[in-house]
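# Survey of secondary and tertiary structure
So the chains spell out like this:
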Amino acid sequence: MATGRTHRPATRSRGIPEATVARLPLYLRALTALSERSVPTVSSEELAAAAGVNSAKLRKDFSYLGSYGTRGVGYDVEYLVYQISRELGLTQDWPVVIVGIGNLGAALANYGGFASRGFRVAALIDADPAMAGKPVAGIAVQHTDELEKIITDNGVSIGVIATPAGAAQQVCDRLVAAGVTSILNFAPTVLTVPDGVDVRKVDLSIELQILAFHEQRKAGEDAGHDEAGDARAAAAREARRAVREVREAVGKAAPDADAPAGPSDRKGPDGDVPAVMPA
């Protein structure tokens, strides 16, 4: 099996948009689930729903891969798995190093999804001398002093940074200098890298803040609906009260049918002025 240094995906040379590249793993995950259930074919509508996109966008994305499906049949699941895996570079072995073996780094090291997608954790690296030699996920942690040698010996081109923010840029610089050209950054900071180096940032706190924003907006909308309902109810009560007052005023102003005609002795609202003046 080829290693990560011998080949890079051809998505850029073939002109596949970055937005499409970002959706390919979603399609692959959905297709893999279908493959595990021995589903032979899938329609664009079914696959789009499973991937969380609309079917028109899916068909456009697949056109960049040269895959158009068969009318009335759909897409061949196994062939699409192969196509997308090849395009993403997952048909080969990608050695990965994880730098920073705290709680997050250890969790990443134990994540089984790396190996199932062609990413082999080649080394775990940490700056704490006390961590050196300790096994995590069956791999002995190595000290950062060995970083450059580890990168070279294992042909690593992908590095994962799970260090505190203050150490992330220095670790990034060393990884790049050693030959790493793709970095997955879990540190809560923005990394500066030269041209030709790709960085993907994963910040869980930012994702939670975005969710908090949406929750606050939904709560505000609910409160707005309640306030609007209260206002409508108050307006209705006021309208009913006004109608009652008008009816009462009309009833008081109307002459008694059994009373003799003549000047009224009813007083007006000011008490002294008759409500009906004599002719």
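Residues numbered from 1 in each chain as written. Predicted model: local features only at pLDDT ≥ 70, side-chain atom pairs only at ≥ 80, totals over all residues. Heavy atoms only, no water.

Time to look at the side chain of Asp 126. Along the chain, the position of Asp 126 falls in strand E4 (residues 119-126). Buried and unpaired, Asp 126 has Lys 134 as its nearest opposite-charge partner, separated by 9.6 Å. In this structure the side chain of Asp 126 is engaged in a polar contact, spanning 2.8 Å, whose partner is the backbone nitrogen of Asp 128. Residues contacting Asp 126, with those up to four places away along its chain left out, are Gly 100, Ile 101, Gly 102, Met 131, Val 141, Gln 142, His 143 and Thr 144. (Helix = DSSP H or I, 4+ residues; strand = E, 2+ residues; numbered from the N terminus. Buried < 20%, exposed > 50% of the residue type's maximum accessible area, 1.4 Å probe, protein only. Lys, Arg positive; Asp, Glu negative; His and termini not counted. Salt bridge = Lys/Arg side-chain N within 4 Å of Asp/Glu carboxyl O. Polar contact = N/O pair within 3.5 Å; in protein donor to acceptor, adjacent residues only side chain to side chain. Contact = heavy atoms within 4.5 Å.)

End to end, helix H4 (residues 77-88) covers 16 Å across 12 residues, agreeing with the expected 16 Å (1.5 Å per residue, within 8%). Those residues of H4 that are buried lie in contact with helix H1 (18-36), strand E1 (41-42), helix H2 (44-51), helix H3 (55-64) and strand E2 (75-76). The backbone nitrogen of Glu 78 has a side-chain oxygen 3.2 Å away, supplied by the residue at the start of H4, namely Asp 76. At the C-terminal side of H4, Gly 89 shows a positive phi close to 80 degrees. (Expected span 1.5 Å × (residues − 1).)

Next up on the list: the sheet that holds strand E3 (residues 94-99). One open sheet accounts for 7 strands, arranged E5-E6-E4-E3-E7-E8-E9; its pairing is mixed. Looking along the sheet, the strands with just one partner apiece sit at the ends: strand E5 (135-136) and strand E9 (198-201). Pairing analysis gives 4 bridges linking E3 to strand E7 (residues 158-161), with the strands arranged parallel. Bridging from a neighbouring strand, Ile 98 pairs with Val 160 of E7. Along the sheet, helix H7 (residues 147-154) contacts E3, E4 and strand E6 (139-143); its crossing angle with E4, the most-contacted strand, is approximately 165 degrees. Where helix H8 (residues 165-178) meets the sheet, it contacts E3, E7 and strand E8 (182-185), and its direction lies at approximately 170 degrees from that of E7. (Pairing = 2+ DSSP bridges. Axes fitted to C-alpha atoms, helices over the stretch in contact; angles between N-to-C directions.)

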